[in-house]
Amino acid sequence: MTPEQYCQEKAVQSGSSFYYSFLYLPAEKRRAITALYAFCREVDDVVDECSDEAVARAKLAWWRQEVNSMFSAESPTKPSHPVAKALANVSHTFNLTAERLNQIIDGMEMDLNYNRYADFDTLRHYCYHVASVVGLCSAEIFGYRNPDTLKYAEDLGLAFQLTNIIRDVGEDARRDRIYLPQDELARFGVTEGDILNSRETEEFKRLMEFQIERAESYYTRAFAALPDEDRKKQRPGIVMAAIYRSLLTEIKQDGCHVLHQRVSLTPVRKLWIAWITWMRG
């Protein structure tokens with residue numbers, strides 16, 4: 001199996017909406033974005049799947065060495081992981097930098113340091129590393145002329161991560177993680193116990209409606225910043241946004257029952273949304 005085939009398998013197996021958003025890209029860009037996505041999955045899996053914190057930190061440190069070996073001429077080793085090899089093959093073509101890849105790892109490492117977030121500013125810092133930086137890397141791969149497109153990519157990445165947080169409240173709680181800001185829980189009269197014990201109160205529903213409204217505001221901000229001249233090149237992000245906004249609508253219409261279930265769209269629906277959005281340009 002080649003490094004590119006490994007990354008492709010990683011993307012397909014995940015079932016993520018990201019996979020549907022880059023189906024229609026030219027081959028070279030599709031290989032690059034698939035390698036970037038596989039990298040994100042690999043480092044995220046380190047935190048999610050390692051029960052021993054020391055082992056997780058060691059693995060993330062190893063991934064930093066892989067990143068260094070991709071970019072440093074002075075590195076005594078070459079990248080050994082198939083994902084790192086695939087990224088090394090495209091990094092210079094698409095301006096994927098060691099700094100940004102390490103920022104993504106920084107974000108994953110935050111999950112080893114925190115399982116609560118005091119306020120939205122603290123959460124936004126986390127979201128920047130695990131999602132907005134991915135958006136910036138993706139914008140480089142898709143291509144742009146106007147630097148304002150980077151602001152679009154940053155806000156869109158934040159909107160995606162906020163959507164993930166909303167969708168996964170119950171799932172995260174079962175791992176003793178609460179990404180909803182602590183001061184907002186207090187403002188809406190929701191306790192940690194409500195979330196950890198899956199108590200869907202009216203206060204919790206209002207809290208989630210507030211979270212959905214904020215996520216929507218970041219989609220709006222992102223597209224307000226996207227220059228018309230770069231809209232066609234950035235279509236994969238637009239496709240992704242269409243899928244994720246449909247998911248937000250589904251969660252809200254379903255009554256925000258995210259503590260007991262993980263709301264998702266079927267693969268067929270994702271593919272349909274992707275095709276329609278791509279064709280509209």
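Residues numbered from 1 in each chain as written. Predicted model: local features only at pLDDT ≥ 70, side-chain atom pairs only at ≥ 80, totals over all residues. Heavy atoms only, no water.

**Q** I'd like to hear about unusual backbone geometry, residue by residue, with values.
**A** Phi at Asn95 takes a positive value of approximately 55°, unusual for a residue other than glycine. With respect to the secondary-structure elements, Asn95 resides in the loop between helix H5 (82-90) and helix H6 (98-113). Residue Asn95 is classed as partly exposed on the basis of its relative accessible area of 41%. Residue Cys256 is not a glycine yet carries a positive backbone phi of 60°. Judged by relative accessible area, Cys256 falls into the buried class, the value being 1%. (Helix = DSSP H or I, 4+ residues; strand = E, 2+ residues; numbered from the N terminus. Buried < 20%, exposed > 50% of the residue type's maximum accessible area, 1.4 Å probe, protein only.)

**Q** So what's going on with the packing of aromatic side chains? Residues and values would help.
**A** Under the counting rule described, the total for this entry stands at twelve aromatic pairs. Between Trp62 and Trp63, the aromatic rings sit 5.3 Å apart at their centres with planes inclined by 80°, giving edge-to-face as the arrangement. Exposure remark for Trp63: the relative accessible area of 3% places this residue in the buried category. Where Tyr152 meets Phe223, the ring centres are 5.8 Å apart and the plane angle is 55°; that geometry is what we call tilted. Within this pair, whereas Tyr152 is found in helix H8 (residues 148-167), its partner Phe223 is found in helix H12 (residues 202-225), the two being separated by 71 residues in sequence. By the ring-pair criterion, three or more aromatic residues cluster together here, those being Tyr114, Tyr117, Tyr126 and Tyr179. Positioned over the ring face of Phe120 is Arg214, at 3.9 Å from the centre of the ring. (Phe/Tyr/Trp six-rings, centres within 6.5 Å; stacked < 30°, edge-to-face > 60°. Lys NZ or Arg CZ within 6 Å of the ring centre and 35° of its normal.)

**Q** Outline a nonpolar patch on the surface, supporting the account with residue identities and numerical values.
**A** The grouping of Trp272, Trp275 and Met279 at the surface amounts to a nonpolar patch, some 400 Å² of accessible area in total. By the secondary structure assignment, Met279 is in helix H14 (residues 267-280). (Patch = residues over 30% accessible without salt bridge, like charges linked within 9 Å, V, L, I, M, F, W, Y side chains within 5 Å. Areas by Shrake-Rupley, 256 points an atom, 1.4 Å probe, with all protein chains shown as cover. Salt bridge = Lys/Arg side-chain N within 4 Å of Asp/Glu carboxyl O.)

**Q** Break down the nonpolar core for me, with residues and values.
**A** Formed by 91 residues in total, the largest nonpolar core has its most connected members in Leu36, Phe39, Ile104, Leu123, Leu180, Ile195 and Phe204. It is helix H7 (residues 120-142) that provides the largest number of residues to this core, a total of 13 residues. With residues near it in sequence (within four places) discarded, Ile104 still touches Leu36, Phe39, Cys40, Val43, His129, Val133 and Val134. (Core = buried A, V, L, I, M, F, W, Y, C linked by side-chain atoms within 4.5 Å. Contact = heavy atoms within 4.5 Å.)

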